[in-house]
Each structure stands twice: as C-alpha cells, then as structure tokens.
Amino acid sequence: EVQLQASGGGTVQAGGSLRLTCAASGIIFDAYHIGWFRQAPGKEREVVGTISGRDGSTYYTDSMRGRFTISSVNDKNLVYLQMNNLKPEDTAVYYCAIWESGTYLTPQAARYWGKGTQVTVSS
C-alpha cells in the first residue's frame, strides 16, 4: 500500500520560508515523478513542482520557479519542498503526490497523494 505523509506546514509572514517534507512508503521512487500540488480556498488545484525519481530532473510551475525548490533523498523515500519569499497567494493546502513516468503533470493525473499540510502566509 502506497502512503504519503506531508508535514512542515504552518503560518509565516510574507517574505518568510518554510520547508515541507513528504515521507513515502510502499513505493520505489525510481519509476515515478514525485512532487507537490496545492489547493487554495475557492481555487482549482495546481501543480507546484515535481522531481524525477529516475534522474532528479525538476519541473516547476512558472509562478513558483525561483522561489521554490524540490529535492529528494531516494534511499529514504523523502521529498522536500523548500519555499522561500512566500507570498499571501501561496496560502493553500499542499499535497505530496506521485505521478507515473510519462504522465502529463497535472493534479488530476497524480496516481497517489496523501493528506495535505496547511500553509498560511500572512501579509
């Protein structure tokens, strides 16, 4: 059984930083893309970014590129999301998710996801 556990959310002021952690079990990273999507109140889910378990290549949605960084420790099945220069519009529930290789990276195409962690950015 695949399980994903996200942690590290909280409340920060605009301009601050947070690091989210995703602990995965029941899966081998090498065959998948692992990453995050988020959902803000009243908005559609959107992909934050992903990392390839095979070669470590990363993908970020444009609005987050340069502020957010995804990294992984494959042999420990951990994925991190470092978020810097946070903005109030980054307030959302962040979900750790897994996509099969070759899948179009949309929230709807995620194969697995866990319970989210709340990130709140105050102005």
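Novice: Please set out the packing of aromatic side chains residue by residue, giving values where relevant.
Specialist: Counted under the stated rule, the structure contains 3 aromatic pairs. With a centroid separation of 5.2 Å and an interplanar angle of 25°, the aromatic rings of Phe 37 and Tyr 95 are classed as stacked. One end of the pair, Phe 37, is in strand β4 (residues 32-39); the other, Tyr 95, is in strand β9 (residues 92-100), with 58 residues separating them in the sequence. Looking at Phe 37, the relative accessible area reads 0%, which means it is buried. Geometrically, the ring pair formed by Phe 37 and Trp 99 is edge-to-face, given 6.5 Å between the ring centres and 75° between the ring planes. Taken as a pair, Phe 37 in strand β4 and Trp 99 in strand β9 lie far apart in primary sequence, 62 residues in all. You'll find Phe 37 and Trp 99 in the same group, each marked buried. Here a set of aromatic residues connected by ring pairs shows up, and it is made of Phe 37, Tyr 95, Trp 99 and Trp 113.

Procedures and definitions
Residues numbered from 1 in each chain as written. Predicted model: local features only at pLDDT ≥ 70, side-chain atom pairs only at ≥ 80, totals over all residues. Heavy atoms only, no water. Phe/Tyr/Trp six-rings, centres within 6.5 Å; stacked < 30°, edge-to-face > 60°. Helix = DSSP H or I, 4+ residues; strand = E, 2+ residues; numbered from the N terminus. Buried < 20%, exposed > 50% of the residue type's maximum accessible area, 1.4 Å probe, protein only.

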